[in-house]
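Residue-level listing of the chains:
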Amino acid sequence: MDSGRITVVSANNMSMVKLPVAVEMRGIVKRFPGVLANDRVNLSIKSGEVHALLGENGAGKTTLMSALCGLYRPDEGDICLADGSVGGAKVVDIGSPRDAIQFGIGMVHQHFRLVHNQTVSENVILGLADTPLHLDLKSVGGRLLEISERYGLPVDPEAYVWQLSVGEQQRVEILKLLFRGAEVLILDEPTAVLTPNEASELGNTLRHMCAEGKAVVFISHKLDEVMSFCDRVTVLRDGRNVAALSTRETDKKALAKLMVGREVLFRLDKSEVAFAEGALSVEHISAFNDKGLSALHDVSLSLAGGEVVGVAGVAGNGQRELAEALTGLRKVTSGKVCVNGQDVTNQSPLRFIRAGVSHIPGDRLGMGLAGNLPVSDNLIMKAFRHRPLSVGPFLSKTAISQFSDSLIEAFDVVTPSRNTPARNLSGGNQQKAILAREIATGDGSGDVGVNVLIAVQPTRGLDVGATEGVRRALLEQREKGTAIVLISEDLDELLSLSDRIAVMHAGKIMGLVRAVDANMEEIGLMMAGEAS
Ligand SMILES: Nc1ncnc2c1ncn2[C@@H]1O[C@H](COP(=O)(O)OP(=O)(O)O)[C@@H](O)[C@H]1O
Ligand SMILES: [Mg+2]
């Protein structure tokens with residue numbers, strides 16, 4: 001760059017500020033105690049593009065974008081905004097999010113920052129640089145509607161935030177930025193909280209914004225989304241740049257390798273497994289959901305040991321209730337559940353565990369782990385009642401340490417130590433810890449017969465490396481003869497892990513197909529409610 005052109009401006013100096021047509025971050029360094037989160041990172045964002053910032057958990061994506069939106073000041077490096085002249089750029093000093101928005105830069109954070117007991121309009125004007133003396137909510141609402149229509153972000157300006165779904169709240173965050181005139185919009189893993197449908201709608205909106213000349217930074221570790229709606233991609237690994245390319249000149253496999261630093265297998269090889277009949281048998285069960293509405297209707301399934309039956313379906317079609325009914329967490333109103341030939345219908349969760357049922361819940365930190373407790377305590381939660389961890393009423397500290405360390409090693413749980421609180425682990429490592437606890441030990445009483453594992457969205461929100469690890473662990477369990485019910489919204493995952501796939505719609509099983517014969521179209525139709 002021609003250094004003669006660089007002028008430093010501060011956000012207060014509005015007369016010099018033009019909306020940026022591009023952003024260039026150069027040599028950004030950001031250190032946290034003991035961590036080099038960004039190590040001389042470069043990023044160049046053009047207006048009119050959706051730019052993916054791709055990297056595994058902890059790669060430094062959020063830190064880098066926090067510098068751009070004024071939350072952190074980098075320890076080293078420059079942020080330049082183009083000033084409209086050919087090749088011209090200014091180094092800018094972005095000291096706060098308010099500075100950033102004055103430069104036209106705004107970020108939607110992973111955890112939304114909305115005030116729940118205020119309306120959408122009120123949230124949008126909250127914290128505006130020049131809050132008008134008389135808040136004209138009506139005109140704000142009108143303008144919001146205009147913007148929301150233009151970009152396909154439907155939302156009711158008068159609704160209270162607490163009334164909105166997560167997807168709608170995200171739209172409000174985006175609208176807030178658009179209302180403030182943002183030209184560079186940063187979205188931090190926006191699809192992590194969305195259904196596949198909502199995610200593809202968001203993709204359309206982002207395409208729309210960039211068609212109007214805005215620049216979008218899309219932080220993600222989901223390769224499908226990066227390939228389907230981003231123009232260029234910058235890959236970070238361990239706080240450093242590893243690549244910047246156009247999505248047209250790359251593919252999922254290459255991106256995964258750049259991101260993880262090794263070859264990643266999307267399809268794992270399944271070995272032939274001899275099935276042991278009768279591990280789990282579900283006969284004509286029906287159940288209500290929490291609202292008292294019919295959620296499961298006459299569902300039947302039977303699994304052999306060593307068999308994976310995938311359950312496909314759009315979220316909210318009874319999958320959750322099915323998992324609960326199969327783990328003793330929800331009563332069925334009719335029908336029968338048998339595990340290893342033992343009738344456990346409407347028994348307690350403990351009886352299900354004793355019969356051989358393990359559970360990987362969909363809600364990792366809510367139901368899966370006690371976040372404040374050390375990793376080791378979390379690992380022993382199922383096995384502690386038995387030798388060698390306890391003898392009579394006494395827990396053996398040494399045995400617990402040995403047991404935890406062996407699981408941490410066997411399942412490759414990355415943690416500073418067994419004493420680290422579980423909530424400090426990355427999502428992938430939390431999931432591996434749950435898996436380790438659930439499947440390594442069974443109940444420990446030794447006479448459970450075939451283990452049955454109910455796995456709910458086991459790889460949701462995990463990056464590709466962690467996803468591969470979890471999938472491998474599931475297949476290993478299959479090879480050991482465990483019967484696995486795999487509930488997932490990821491069809492690729494279902495097709496690659498399952499022996500058979502059951503498709504759920506409105507609480508019913510619409511069809512059951514062998515995975516080798518299955519095709520996406522047929523499954524898609526059944527997910528939409530057409531019987532096979
Ligand atoms: N506020 C903070 N204090 C200390 N360490 C942090 C902080 N924020 C992030 N880190 C560390 O910096 C690294 C990069 O984190 P982050 O930017 O959040 O990664 P990503 O968004 O790619 O998952 C990680 O090792 C993380 O633990
Ligand atoms: Mg992040």
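Residues numbered from 1 in each chain as written. Chains lettered and ligands numbered in written order. Predicted model: local features only at pLDDT ≥ 70, side-chain atom pairs only at ≥ 80, totals over all residues.

Asker: Residue-level account of the overall build of the chain, with values.
Answerer: From N to C terminus, the chain includes 17 helices and 23 strands. On C-alpha atoms alone, the chain measures out to a radius of gyration of 26 Å, which is about the 24 Å that the 2.2 N^0.38 rule sets for 532 residues. For the chain, the spread of C-alpha atoms along the three principal axes comes to 80 × 50 × 45 Å. Within the chain, buried positions represent 43% of all 532 residues. (Helix = DSSP H or I, 4+ residues; strand = E, 2+ residues; numbered from the N terminus. Rg over C-alpha atoms; globule rule 2.2 N^0.38 Å. Buried ≥ 20, exposed ≤ 12 C-beta atoms within 10 Å, placed from the backbone.)

Asker: So, the nonpolar core: which residues are in play, and what are the values?
Answerer: The nonpolar side chains of a soluble globular protein tend to be buried with one another. Within the largest apolar cluster, 71 residues are counted, with the highest numbers of intra-cluster contacts made by Val311, Leu326, Ala433, Ala455, Val485, Leu486 and Val503. Summarising the domain contributions, this core has at least three residues from each of domain 2 (268–356 + 450–532) and domain 3 (363–441). In this structure, Ala455 is in contact with Ile360, Leu474, Ile484, Val485, Leu486 and Ile487, ignoring residues within four places of it in sequence. Membership of the second largest hydrophobic core comes to 66 residues, among which are Ile174, Leu187, Met209 and Phe229. (Core = buried A, V, L, I, M, F, W, Y, C linked by C-beta atoms within 7 Å. Domains from an automatic or database assignment. Contact = placed C-beta atoms within 7 Å.)

Asker: Quick one: what's the story with the sheet that holds strand 10 (residues 232–237), residue by residue and with numbers?
Answerer: Backbone-to-backbone hydrogen bonds join strands into a sheet, with any given pair of strands oriented parallel or antiparallel. Spatially, 7-8-9-4-10-11 is the arrangement adopted by the six strands of the open sheet, whose pairing is mixed. Edge positions in the sheet fall to strand 7 (105–108) and strand 11 (240–246), since each of these pairs with one other strand and no more. Within the sheet, the average angular offset between the axes of one strand and its neighbour, ignoring direction, is 20°. Taken together, the four bridges between strand 7 and strand 8 (residues 184–188) define a ladder with parallel strand orientation. By the bridge assignment for strand 8, Val108 is matched with Leu187. Docked against the sheet, helix 5 (residues 166–179) engages strand 7 and strand 8, running at close to 175° with respect to strand 7. Set on the sheet, helix 8 (residues 252–260) makes contact with strand 4 (50–54), strand 10 and strand 11; between it and strand 10 the angle comes to about 30°. (Pairing = 2+ DSSP bridges. Axes fitted to C-alpha atoms, helices over the stretch in contact; angles between N-to-C directions.)

Asker: Any chance you could break down the site of ligand 1 for me, citing the residues and the numbers?
Answerer: In the vicinity of ligand 1, the contacting residues are Phe32, Val35, Ala37, Gly55, Asn57, Gly58, Ala59, Gly60, Lys61, Thr62 and Thr63. At the level of secondary structure, the elements contributing two or more residues to the shell around ligand 1 comprise strand 3 (35–46) and helix 1 (61–68). In terms of residues, the shell around ligand 1 owes the most to one element, helix 1, which gives three residues. Of the residues belonging to the shell around ligand 1, the class tally is four nonpolar, six polar and one charged. (Near = placed C-beta within 6 Å. Nonpolar A, V, L, I, M, F, W, Y, C, P; charged D, E, K, R; others polar.)

Asker: Kindly report on unusual backbone geometry, identifying the contributing residues and their values.
Answerer: Note on backbone geometry: most residues besides glycine have negative phi, and most peptide bonds are trans. If you check the backbone angles, Arg40 has positive phi at about 50° while not being a glycine. In this fold, Arg40 is placed in strand 3. By the C-beta count within 10 Å, which is 14 here, Arg40 ends up partly exposed. Here the phi dihedral of Ala506 falls at roughly 50°; this positive angle occurs in a residue that is not glycine. Tracing the backbone through its elements, the reader meets Ala506 in the loop between strand 22 (500–505) and strand 23 (508–514).

Asker: Explain the sheet that holds strand 17 (residues 357–360) to me, using residue names and the numbers behind them.
Answerer: In space, the six strands of this open sheet follow the order 17-20-21-14-22-23, with mixed pairing throughout. Two strands bound the open sheet, and with one partner strand each, they are strand 17 and strand 23. The mean inter-strand angle of the sheet, taken between neighbouring strand axes irrespective of direction, is 20°. Note: strand 14 (residues 308–312) against strand 22, four bridges, orientation parallel. Note that in strand 22 the partner of Ala312 across the bridge is Val503. Sheet strands touched by helix 15 (residues 464–479): strand 14, strand 20 (452–456) and strand 21 (483–487). Its angle to strand 21, the strand with the most contacts, is close to 150°. Here helix 17 (residues 520–527) sits on the sheet and contacts strand 14, strand 22 and strand 23; the angle it forms with strand 22, its principal contact strand, is near 30°.

Asker: Kindly report on helix 1, identifying the contributing residues and their values.
Answerer: When you tally the buried positions in helix 1, you get eight out of eight residues, the bulk of the element. The complete set of buried residues in helix 1 reads Lys61, Thr62, Thr63, Leu64, Met65, Ser66, Ala67 and Leu68.

Asker: How would you sum up the packing of helix 4 (residues 137–151) against helix 5? Please name residues and give values.
Answerer: Running from amino to carboxyl end, helix 4 crosses helix 5 at an angle of 110°, the nearest separation of the two axes being 10 Å. By the angle class used here, helix 4 and helix 5 are roughly perpendicular. From helix 4, Arg143, Leu144, Ile147, Ser148 and Tyr151 reach across to helix 5, where they touch Leu175, Leu178 and Phe179. Partitioning the contact of helix 4 with helix 5 into residue classes produces six nonpolar, one polar and one charged. (Parallel < 35°, antiparallel > 145°, perpendicular 65-115°, else oblique.)

Asker: Can you break down the environment of Ser271 residue by residue, with the values?
Answerer: Within the element layout of this structure, Ser271 appears in the loop between helix 8 and strand 12 (276–288). When the 8 C-beta atoms within 10 Å are taken as the criterion, Ser271 is described as exposed. Separated by 27 residues in the primary sequence, Ser271 and Asp298 have C-alpha atoms spaced 32 Å apart.

Asker: Describe the confidence of the model for the chain, naming the residues involved and giving the relevant values.
Answerer: In the predicted model, the chain carries a mean pLDDT of 86, and the fraction of residues at 70 or more is 91%. Across residues 1–20, where pLDDT falls below 50, the model places 33 contacts with residues more than four positions away in sequence or in other chains. Per-residue pLDDT stays below 50 along residues 442–447; that stretch engages in ten contacts with residues further than four places along the chain or on separate chains. (pLDDT = per-residue confidence, 0-100.)

Asker: So what's going on with helix 15? Residues and values would help.
Answerer: For helix 15, spanning 16 residues, the distance from its first C-alpha to its last is 22 Å, which sits close to the expected 22 Å at 1.5 Å a residue. Listing the buried residues of helix 15 in full gives Val464, Ala466, Thr467, Glu468, Gly469, Val470, Arg471, Ala473, Leu474, Gln477 and Arg478. (Expected span 1.5 Å × (residues − 1).)

Asker: How would you summarise the pairing of strand 21 if you had to cite specific residues and measurements?
Answerer: In summary, the side chains of a regular strand alternate between the two faces of the sheet. Taken across its five residues, strand 21 has five buried, putting it largely inside the fold. Residues Ala483, Val485 and Ile487 point to one face of strand 21 and Ile484 and Leu486 to the other, with burial holding for every one of them. Direction of pairing for strand 14 relative to strand 21: parallel, over a ladder of four bridges. Across the sheet, residue Val308 finds its bridge partner in strand 21, namely Ile484. As defined by bridge partners, strand 20 adjoins strand 21 across five bridges and the pair is classed as parallel. Along strand 21, the bridge assignment pairs Ile454 with Val485.

Asker: An account of the environment of Val260 is needed here, citing residue identities and associated values.
Answerer: Examined against the element boundaries, Val260 turns out to sit in helix 8. Residues Val260 and Leu128, 132 residues apart in the sequence, show an inter-C-alpha distance of 40 Å. In contact with Val260, other than residues within four places in its own chain, are Glu56, Val464 and Gly465.

Asker: Please set out the environment of Ile105 residue by residue, giving values where relevant.
Answerer: With respect to the element layout, Ile105 can be found in strand 7. Residue Ile105 is classed as buried on the basis of its C-beta count, with 29 C-beta atoms lying within 10 Å. Sequence separation between Ile105 and Leu185 is 80 residues; the distance between their C-alpha atoms is 6.1 Å. Residues within four places of Ile105 in sequence aside, it is in contact with Leu68, Cys69, Ala100, Ala182 and Val184.

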